[in-house]
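The primary structure of each chain is shown beneath.
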Amino acid sequence: MSPTTLAFPTLPFFFLLVVWTLFLLPHPSTSSPSPPIGSSWSVLEQQLLSLPDRNIIKANLKHYTSTPHVAGTKYDYETAVHTKELFEEYGLTNVRIDEHRVYLNYPISRSVKLVEPELYNATLREERYPGDLPYDEPFMQTFHGYAASGEASGEVVYANYGRLEDYLYLLNLNIDLKGKIIIVRYGKIYRGVKVMLAERYGAAGVLIYSDPDDDGISKGLMYPDGPFRPPTGVQRGSVQYSQMCPGDPHNPLCVGDTGKTFEDFIPSIPSQPISWQDAEPIMRNIGGPRAPSSPKEKWQDDLPFVYHIGPGPAVVELKLSMNFTTTPIWNVLGEIEGVGEHKDEYVMIGNHRDAWVYGAVDPSSGTATMMEVARTLSKADTAFERSVLFASWDCEEYGLVGSTAWSDKNGKFLSDKVVVYVNTDVAVSGSIFVASATPSLGKALQEVFTRVVDPNTQLPMGKVWDGELPPPGAGSDFVAPLQHYGVPSIDLGFSSDDTGGVYHSIHDNFDWMEKFGDPQFAYHEAMVQILNLYIAKFARLPSVPFDFSSQHEALQSYVEDLHILLSRLDAPPPIEINFHPLVVAIETFGRAARAHMCKEADYSQSFLLERQLLGSGLKGRPYYRHLIQAPGRTDGYGSQTFPGVRQEIEDENWEGVNTQIALVGARVLAAATFLFSDGGASTRVEPPRDKPTGIVIFVTLIVLLLLSVVGLYLASAKSFRVRKVVSLYVVLSPC
């Protein structure tokens, strides 16, 4: 081909490239008015990264940990007033204290005595060290929230972690649990499940101790010389059956048509937390079969004596007297008001304020963090499209009582107006980032992690985070918004293997945090940065950064998990399990997610999709309405996916399995229909783009030159080559 022939087709192609490149350059939007935002995203992002102040975070943490603030006590109320004052000082609006009267218990007297084959009277007290404050209030005693009053005496049986498989192991050994005092160690599952299962199998009472192999001397130096639990350290906590229903046990939404009463959601047998120092004399005096120590069944730890199962000859007398009373608790709420068309929609952030004692890690690391988010977001040089609602919850420790009470009182608001709920409970106890979330929320977190730096490694958080983002189960204040009202939710914080050493003890104090948890308060600052950017992504513009393709992938993986569960049964189901309705629905959802990604609409209402995945309530657990995830009945914290299906598998109700699969499929199909339809779509509003910098213009011109060279080549190529390039573009294009 001659040079003259080559140049002619190149000229129009070059012209098209110029036009296309100019189109790609940042330019003002002419389609719709932009929301009233005071600064570009890059400027706002830099502000939200630079505004957090470690000294302010540290001072707030010190204040919140200066008194023991168990829910419903005078010190708890003082923290509520202080939080309200800080919200007002930081410029939040509509600040209010939200009071509820709820059913709680406080200890009157407690006694644990080993009476056979020797005598030992448990102290049930924690030794004080120099870093511990001098308070000695009655509500600071070691006890379980919602533990039953009562007297019980019996031979002792050791049941390892008190999991379902542990109790079944004992039953397979023909060990009778009726009338026995069960002793179990903390860990693996929620303590309330340990007590519920003991009650189910006829036990008279339960002792739960902290084993040195889990969080004590076997792990490392003990407090005050190190982060781990000292011999007299005790883990308090609730034993309410929150995996069956959260909140005040009198909540009518717990009962539904189950025929249950409030007594079914709290224990009827006494339970008491004890230290290793008090547990050791009991454990040494248990006889019977030796505890298994194989890798599969490891009940024996690396301690200087052999564990046995029992029953006896150890006999324990357990006596508890509790004051059950109706008392006020105090949530505190405040807002940063949005100014756009979507100002009546809310991005919500919550942390609970009450603690079992001082609560430096749980929850005050989260409280101090959230207060700094409130201060810095209100100072940022911007105005948000949506409003931001801050919630300082009370009485979480008893069983998510404050957040559940508020949610049920404001259910329509949650259902209609809350775009996303962001929860931080233990914000900082170490340097390992952990999170659980509705799958559609993960992409926004990954984007935030390109901008926040890990304090230890100085690498972007995305380089050090393992990427694990399981679905939420239970255990913190996201339960009511997500599991009952269908609000997309995320729970996040920095954790550590050292956390258990002071969890729910008197030693979870400011001294521990300053020495071992986060001495420089660098991870508190990083947590504020993460929360700032994450909230801003959802509040700043009409569009919301949900990633429904990830949700589709998650649904596919949950079906695979069900197949694995069925393959591990002792015997195959007697009827065919029909996955077809669910598989077809998930495939349809995947197509809808791809179509949603390609539509020219901002989908400002797409947060309502999660509501499509609600049912009328799980069998026996009507409060848990979400059909995609819920806490396990015999786990309590961890999430079960497709919980209605799994419950029927556990109960060996095979017709019920197919019914639940069809039900979940119908709801997933409803979610797909929502995405396919115009539900959630609105006129596209282009975000304001930053003005092109010199380097951007320079790079664009270089790209233009390279494209021109490519154009010369394509113009000289045969037409089938051009078609191949075009075809490749079509294949690679997601739309």
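Up top is the structure.
All values reported here derive from a predicted model rather than from experimental measurement. (Residues numbered from 1 in each chain as written. Predicted model: local features only at pLDDT ≥ 70, side-chain atom pairs only at ≥ 80, totals over all residues. Heavy atoms only, no water.)

Student: Please explain the overall build of the chain as it appears in this structure.
Tutor: Each helix and strand counted, the chain has 23 helices and 16 strands in total. Partitioning the intrachain contacts of the chain with sequence separation of at least 6 by distance along the chain shows that 81% fall at a separation of at least 24. As displayed, the chain offers around 29600 Å² of accessible surface, 56% of which is attributable to carbon and sulfur atoms. (Helix = DSSP H or I, 4+ residues; strand = E, 2+ residues; numbered from the N terminus. Contact = heavy atoms within 4.5 Å. Areas by Shrake-Rupley, 256 points an atom, 1.4 Å probe, with all protein chains shown as cover.)

Student: What's the story with the pattern of salt bridges in this structure? I'm lost.
Tutor: When their charged atoms lie close together, side chains carrying opposite charge are able to pair. According to the stated counting rule, one finds 25 salt bridges in the structure shown. Linking Arg-229 and Asp-215 is a salt bridge whose minimum nitrogen-to-oxygen distance equals 2.9 Å. You can see Arg-229 sitting in the loop between helix 7 (212-215) and strand 7 (237-238) and its partner Asp-215 sitting in helix 7, a full 14 residues away along the chain. Taken individually, Arg-229 and Asp-215 each receive the classification buried, so the pair is uniform in this respect. Glu-650 is the salt-bridge partner of Arg-633, the closest N and O atoms lying 2.7 Å from each other. On the criterion of sequence distance, the pair formed by Arg-633 in the loop between strand 15 (629-631) and strand 16 (639-641) and Glu-650 in helix 20 (residues 643-650) is long-range, its members being 17 residues apart. Among the residues examined, Glu-650 registers a relative accessible area of 39% and is labelled partly exposed. In this structure, a network of salt bridges that share partners links the residues Asp-76, Arg-353 and Asp-394. (Salt bridge = Lys/Arg side-chain N within 4 Å of Asp/Glu carboxyl O. Buried < 20%, exposed > 50% of the residue type's maximum accessible area, 1.4 Å probe, protein only.)

Student: When you look at unusual backbone geometry in this model, what are you seeing that I'm missing?
Tutor: It is generally the case that most residues other than glycine have a negative phi and that most peptide bonds are trans. A cis amide bond links Tyr-223 with the next residue in sequence, Pro-224, at an omega value of 15 degrees. Relative to the assigned elements, Pro-224 resides in the loop between helix 7 and strand 7. Residue Gly-312 is joined to Pro-313 through a cis peptide bond whose omega torsion reads -5 degrees. On the secondary structure map, Pro-313 appears in the loop between helix 9 (276-284) and strand 9 (315-336). In this structure, Leu-400 is a non-glycine residue whose phi angle is positive, near 60 degrees.

Student: Looking at this structure, how should I read the state of the cysteines?
Tutor: Scanning the model with the defined rule gives 1 disulfide in all. There is a disulfide in this structure between Cys-245 and Cys-254, and the S-S distance comes to 1.9 Å. As the torsion about the S-S bond is roughly -75 degrees, the Cys-245-Cys-254 disulfide counts as left-handed. A relative accessible area of 1% places Cys-245 in the buried class. (Disulfide = S-S within 2.5 Å.)

Student: Would you explain the pairing of strand 12 (residues 418-423) in this entry?
Tutor: Consecutive residues of a regular strand have side chains that alternate between opposite faces of the sheet. With 6 of 6 residues buried, strand 12 is to be regarded as a mostly interior element. Inspection of the sheet shows strand 10 (residues 346-352) paired to strand 12 by 5 bridges, in the parallel sense. The residue bridging Gly-350 from the neighbouring strand is Asn-423, located in strand 12. (Pairing = 2+ DSSP bridges.)

Student: I would appreciate a short explanation of the nonpolar core in the present structure.
Tutor: Note on soluble globular proteins: their nonpolar side chains tend to be buried together. Core analysis: the biggest nonpolar cluster contains 199 residues, and Ile-183, Phe-390, Tyr-398 and Phe-433 have the highest contact counts within it. Among the elements that take part in this core, helix 17 (residues 522-539) stands out by supplying 12 residues, more than any other. Once residues lying within four places of it in the same chain are set aside, the contact partners of Tyr-398 are Val-70, Ala-71, Leu-104, Asn-105, Tyr-106, Phe-143, Gly-145, Tyr-146, Ser-238, Gln-240 and Trp-356. (Core = buried A, V, L, I, M, F, W, Y, C linked by side-chain atoms within 4.5 Å.)

Student: Please explain the packing of aromatic side chains as it appears in this structure.
Tutor: Describing an aromatic ring pair means giving the distance of the ring centres and the angle of the ring planes. Scanning the model with the defined rule gives 36 aromatic pairs in all. Look at Phe-433 and Phe-449: their rings are 4.9 Å apart centre to centre, the planes differ by 80 degrees, and that puts the pair in the edge-to-face class. Taken together, the positions of Phe-433 in strand 13 (residues 432-437) and Phe-449 in the loop between helix 13 (442-448) and helix 14 (461-464) put the pair 16 residues apart, joining distant regions of the chain. Exposure remark for Phe-449: the relative accessible area of 1% places this residue in the buried category. Chaining the aromatic ring pairs together yields one cluster made of Tyr-158, Tyr-169, Tyr-209, Trp-276, Trp-299, Phe-305 and Tyr-307. (Phe/Tyr/Trp six-rings, centres within 6.5 Å; stacked < 30°, edge-to-face > 60°.)

Student: Whenever I open this one, the environment of Ala-666 confuses me. Can you help?
Tutor: Note that Ala-666 resides in helix 21 (residues 654-676). In the structure, Ala-666 is positioned 80 residues away from Ile-586 in sequence and 10.0 Å away in space, judged by C-alpha atoms.

Student: It is not clear to me how the side chain of Asn-160 should be interpreted in this structure. Could you clarify?
Tutor: Counting through the fold element by element, Asn-160 comes out in the loop between strand 4 (150-158) and helix 5 (164-172). Here the side chain of Asn-160 touches Tyr-158 through a polar contact of 3.4 Å, side chain to side chain. (Polar contact = N/O pair within 3.5 Å; in protein donor to acceptor, adjacent residues only side chain to side chain.)

Student: Explain the environment of Lys-298 to me, please; I cannot follow it from the model alone.
Tutor: With respect to the element layout, Lys-298 can be found in the loop between helix 9 and strand 9. With 138 residues separating them along the chain, Lys-298 and Asn-160 place their C-alpha atoms 8.6 Å apart. Apart from the residues within four sequence positions on either side, Lys-298 is in contact with Asn-160, Arg-185, Asp-213, Pro-292 and Ser-293.

Student: What should I look at first to understand the packing of helix 10 (residues 360-379) against helix 16 (residues 510-517) in this one?
Tutor: When two helices pack together, their arrangement is given by the angle between the helix axes and the distance between those axes. Close contact between helix 10 and helix 16 brings their axes to 10 Å; oriented N to C, the two are set at 80 degrees. Considered as vectors, helix 10 and helix 16 are oriented roughly perpendicular to each other. Where helix 10 abuts helix 16, its residues Ala-360, Val-361 and Ser-365 lie against Phe-510, Trp-512 and Met-513. Looking at the contact of helix 10 with helix 16 residue by residue, the classes come out as 5 nonpolar, 1 polar and no charged. (Axes fitted to C-alpha atoms, helices over the stretch in contact; angles between N-to-C directions. Parallel < 35°, antiparallel > 145°, perpendicular 65-115°, else oblique. Nonpolar A, V, L, I, M, F, W, Y, C, P; charged D, E, K, R; others polar.)

Student: Explain the side chain of Asp-518 here, please?
Tutor: Mapped onto the elements of the fold, Asp-518 is located in the loop between helix 16 and helix 17. Look at Asp-518: it is buried, it has no salt bridge, and the nearest opposite charge is Arg-54 at 7.0 Å. Here Tyr-523 takes part through its backbone nitrogen, which lies 3.0 Å from a polar atom of the side chain of Asp-518. Non-local contacts of Asp-518, meaning those with residues more than four positions away in its chain, are made with Val-428, Met-513, Tyr-523 and His-524. (Lys, Arg positive; Asp, Glu negative; His and termini not counted.)

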